[in-house]
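Summary of structural features
If you want the building blocks of each chain, they are given just below.
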Amino acid sequence: MAEGVKPAVRLSGIAKSYGKVRALENLSFDVAAGRFFVLFGPSSVGKTTTLRTIAGLVKPDSGRLEIDGKDFTNEPIAGRGVSMVFQSFALYPHLTVFENLAYPLREEKVSSAEITKRVNETAAMLKLTHRLERKPNTLSGGEQQRVALGRSLVRHPKILLLDEPLTNLDAKLRHDMRAELKRLHRQFGMTIVYATPDELEALSMGEEIAVMRDGAVVQRGTPEELYERPANTYVAGKIGSPHMNMLKAKVGKDAKTFETPLGKMSPKVPRKTAAAGEAAIIGIRPSDIRLAAKGEKAIASKIHLLEPLGDITIVSVETGKEVLRMVLPEAKATSIKVGDPASIYIDPNDIHIFRAASGQVMT
Amino acid sequence: MATLAEKFGLRKASGVGEAGWGHTLIVALVSLIYFLPVLMIIFTAFKPSAQALSVPPTLSPTSLFGLIPDQFVFTPTLENFGQVFNRVMVSGSAAEPTGFDVFFFNSFFISSVSVLLALVIGTLASYGFSRYPLKGNDTYLFIILTTRMLPAIVVIIPIILMFRTVGLSGSYLGIIMLYTAFNLAFTIWMMKSFFDELSYDVEDAARIDGSSEIKVFMKICLPQVVAGLAATFVFGLILTWNEFLFALLLTGVDTRTVPVAMNQAVSSGGRGTDWTLLASIETLFLIPVFLVTFFLQNHLLRGVTFGTVKR
């Protein structure tokens, strides 16, 4: 574990099946105390089951769950110091906002004076003070979300689990809540495990991200690590917007050059495990493609499609049979039209190389 | 002032009185036709015997300031209601108690106890069926309903034999057990559908907040199905309160309920049917169910879980 920080949560070899459906398969990761940790992956890869396992709502078939170094695999839910915000908010519909926020404290047998104090503090922090007497169904989506968050925070949990908490909000609110969540994390310093299928949320909020696939973690690291050194084509395809260009290629006879549809490429750092003639996939970030300067080894191409996005424009260029996406700043993109010739430049040191058979990165 | 919809926490879209007068008038007319038999019974209860079967029929207790011709107007009286409880049985002798105070108590006692009992047991059972499904869950639910698939007259024969054998015939315990069992099928099916509708996430949230399973049921699930409890209670009560066949065959003199007693009161003595007496018993008999339904109707109309969980 980095910096010698004690893990707040550690899962080792967790497996869980529902009937014949395998939800989690040999899932292992740990989360350092105080970390904003993101579980990232499309729907039904097991993110929710993972959170529910940590919370204790799901008993794993095998494997071990530790919280603060203690084995909690088969312990009851209470006593874990874990709270959770559900995607559906899951507010208590028959209770007022005040009672919703007070509920976990009442279950902890906190004195009623203390309950009033803490509920009011939490409500003030989340700008809910004027809504305390209302029932959840009379609140807007954003307010319901804040009540759900408040109900989790009022307990001062050591570990906060967030299951796609922003999915049900509109775009503007989602943006505000991202900032709000980061602020709350800084303020309270609790460990957060945040599940999301949204790449932007994962990259902008996560201090560390675990990318999940089929019930297991395929790569974990900081957002920069995942972006710069994706371990396989799956991660490479999920992280980074617009998505990475992927091209079929072959390792050359010298096992150092790569024969690609864009010509031969020889990165400075050789891939030691590359075998001559092996099928490969090369990945090129759209941001690593630029218009060629004079004297550079340019690739001739034609403008295929322009997608202006305000300050940047996604430009698709056609070269041979391949279509590549690249990103140009607005200023450079205004002068070009579909069908124009363009010469582009790709630095061979920027390309990502994967094995075609396994999808794993070639080292 | 808050509108009715706001008061009940409903969204604006289903505002009250949004339909036009034309539609409202049609529905009012149909409702009146529905209500007409009940209205006739209530009016008859207040008529003197002589006017009960007169032709043309008397239709109104008042002339409405001369709007209604005199031959259609009856003179309201409360005498019939007195007759329900004390009546001259043999002409010439003094009035004697009819026992209807006991019959009303029996009806009240038997139906409320059995409906409440069925509600308690059935709610627990339906929660179990909904949240902790057995292997072959639906089979058991189906079996529970089979008792209600046959006409009561068919089911009653084995029940009479069993009750005779164990001596439950004519006792409070017997009829309460029978009604409870019959209401259970209905209660379990009704309440299960209400529990199935609830969001499981809400219960899981309570578990994470530290609630035990019993508290999840008592403090989270039960309050959300209050509307269902009220509806089930009212329907169960109406069915049980009006039940005739089982009561006829399985209650004794002391445990007789009003529907049975009513039948015997009006057809005894060979004097033909005493319509005003019948109508006044019926009117009195209507009041308790009417009141219960009236006071619970807010709950019947109200969806407690409306709009709290996004799906």
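What counts and what doesn't
Residues numbered from 1 in each chain as written. Chains lettered and ligands numbered in written order. Predicted model: local features only at pLDDT ≥ 70, side-chain atom pairs only at ≥ 80, totals over all residues. Heavy atoms only, no water. Helix = DSSP H or I, 4+ residues; strand = E, 2+ residues; numbered from the N terminus. Buried < 20%, exposed > 50% of the residue type's maximum accessible area, 1.4 Å probe, protein only. Contact = heavy atoms within 4.5 Å. Areas by Shrake-Rupley, 256 points an atom, 1.4 Å probe, with all protein chains shown as cover. Lys, Arg positive; Asp, Glu negative; His and termini not counted. Charge placed at Lys NZ, Arg CZ, Asp CG, Glu CD. Buried area = accessible area lost by both parts, 1.4 Å probe. Salt bridge = Lys/Arg side-chain N within 4 Å of Asp/Glu carboxyl O. Polar contact = N/O pair within 3.5 Å; in protein donor to acceptor, adjacent residues only side chain to side chain. Nonpolar A, V, L, I, M, F, W, Y, C, P; charged D, E, K, R; others polar. Core = buried A, V, L, I, M, F, W, Y, C linked by side-chain atoms within 4.5 Å. Domains from an automatic or database assignment. Patch = residues over 30% accessible without salt bridge, like charges linked within 9 Å, V, L, I, M, F, W, Y side chains within 5 Å. pLDDT = per-residue confidence, 0-100. Pairing = 2+ DSSP bridges. Axes fitted to C-alpha atoms, helices over the stretch in contact; angles between N-to-C directions.

1. Points about the overall build of chain A
In terms of helices and strands, chain A carries 9 helices and 20 strands. Across its three principal directions, the C-alpha atoms of chain A cover 75 × 45 × 40 Å. Evaluated residue by residue, chain A yields a buried proportion of 52% over its 363 residues. Residue pairs in contact within chain A that sit at least 24 positions apart in sequence constitute 65% of those at least 6 positions apart. On chain A, roughly 16,200 Å² of surface is accessible, and the fraction owed to carbon and sulfur atoms is 53%. Looking at charge distribution, chain A has the averaged site of its 52 positive side-chain charges lying 2 Å from that of its 42 negative ones.

2. Observations regarding the interface of chain A and chain B
Each side of the interface is counted separately: chain A has 27 residues, and chain B has 25 residues. Regarding the contact of chain A and chain B, the summed buried area is about 2,300 Å², with carbon and sulfur atoms giving 53% of it. A per-residue breakdown of the area chain A buries against chain B is headed by His-94, Glu-107 and Asn-137 of chain A, which together make up 26% of the total. Taken together, the connections running from chain A to chain B amount to 5 salt bridges. Across the chain A-chain B interface, the total number found is 10 residue pairs in polar contact (both at pLDDT 80 or more). Taken together, the elements giving at least two residues each to the side of chain A that touches chain B come down to helix H1 (47-55), strand S6 (82-85), helix H2 (97-107) and helix H4 (141-153) of chain A. Of the residues contributing to the side of chain A that touches chain B, the split by class is 14 nonpolar, 7 polar and 6 charged.

3. Re the nonpolar core
Ranked by internal contacts, the top residues of the largest apolar core, which has 94 residues, are Leu-39, Leu-149, Leu-161 and Tyr-194 of chain A together with Phe-195 of chain B. Ranked by residue count, the leading element in this core is H2 of chain A, at 6 residues. Dropping the residues within four chain positions of it, Tyr-194 of chain A is found in contact with Phe-36, Phe-37, Val-38, Leu-39, Leu-162, Pro-165, Leu-166, Leu-181, Glu-201 and Met-205 of chain A.

4. Notes on the domain arrangement of chain A
Residue and element names in this part refer to chain A. Here the domain parsing of chain A yields domain 1 (2-237) and domain 2 (248-355). Taken residue by residue, the interface counts 8 residues in domain 1 and 5 residues in domain 2. Across the interface of domain 1 and domain 2, roughly 500 Å² is buried in total on both sides, 58% from carbon and sulfur atoms. Inspection of the region where domain 1 meets domain 2 yields 0 salt bridges. Linking domain 1 with domain 2 are 2 residue pairs in polar contact (both at pLDDT 80 or more), by the criterion used here. Going through the elements one at a time, helix H7 (223-228) and helix H8 (233-238) are the ones with two or more residues in the side of domain 1 that touches domain 2. Top contributing element to the side of domain 1 that touches domain 2 by residue count: H7, with 3 residues.

5. Focus on unusual backbone geometry
Of note, the amide linkage connecting Ser-241 of chain A to Pro-242 of chain A takes the cis form, showing an omega dihedral of -5°. Examined against the element boundaries, Pro-242 of chain A turns out to sit in the loop between H8 and strand S11 (245-251).

6. Remarks on a nonpolar patch on the surface
All names here are of chain B. Nonpolar side chains collect at one region of the surface, where Leu-286, Ile-287, Phe-290, Leu-291, Phe-294 and Phe-295 lie side by side and expose about 630 Å² of accessible area between them. In this fold, Ile-287 is placed in helix H14 (residues 275-301). You can call Ile-287 partly exposed: its relative accessible area is 41%.

7. With respect to the confidence of the model for chain B
All names here are of chain B. Across chain B, the average pLDDT comes to 85, with 89% of residues at or above 70. This stretch, residues 1-14, has a pLDDT under 50; its non-local contacts, to residues over four places away or in other chains, come to 14 contacts. Throughout residues 303-311 the model reports pLDDT below 50, and contacts reaching past four residues in sequence, or to other chains, amount to 28 contacts.

8. A word on the sheet that holds strand S17 (residues 312-319) of chain A
Residue and element names in this part refer to chain A. Across the sheet, 5 strands lie side by side as S15-S19-S16-S17-S18; this open sheet has antiparallel pairing. With one partner strand each, in any of the chains shown, strand S15 (289-291) and strand S18 (322-329) form the two edges of the open sheet. Shown here is a sheet whose adjacent strand axes are inclined to one another by a mean of 50°, direction ignored. Here 4 bridges tie strand S16 (residues 299-308) to strand S19 (residues 341-346), and the two strands are oriented antiparallel to one another. When the bridges of S19 are listed, Ser-301 appears paired with Ala-342.

9. Let's talk about the sheet that holds strand S9 (residues 208-213) of chain A
Residues and elements named next belong to chain A. An order of S6-S7-S8-S3-S9-S10 is seen for the 6 strands of this open sheet, with the pairing classed as mixed. For this open sheet the edge positions go to S6 and strand S10 (216-221), each flanked by a neighbour on one side alone. Averaged over neighbouring strand pairs, the angle between their axes works out to 20° when direction is ignored. Looking at chain direction, strand S7 (residues 159-163) and strand S8 (residues 191-196) are connected through 5 bridges and run parallel. Each bridged residue has a counterpart across the sheet, and for Asp-163 the counterpart in S8 is Ala-195. Its contacts with the sheet put H4 on S6 and S7, and the angle it makes with S6 is roughly 175°.

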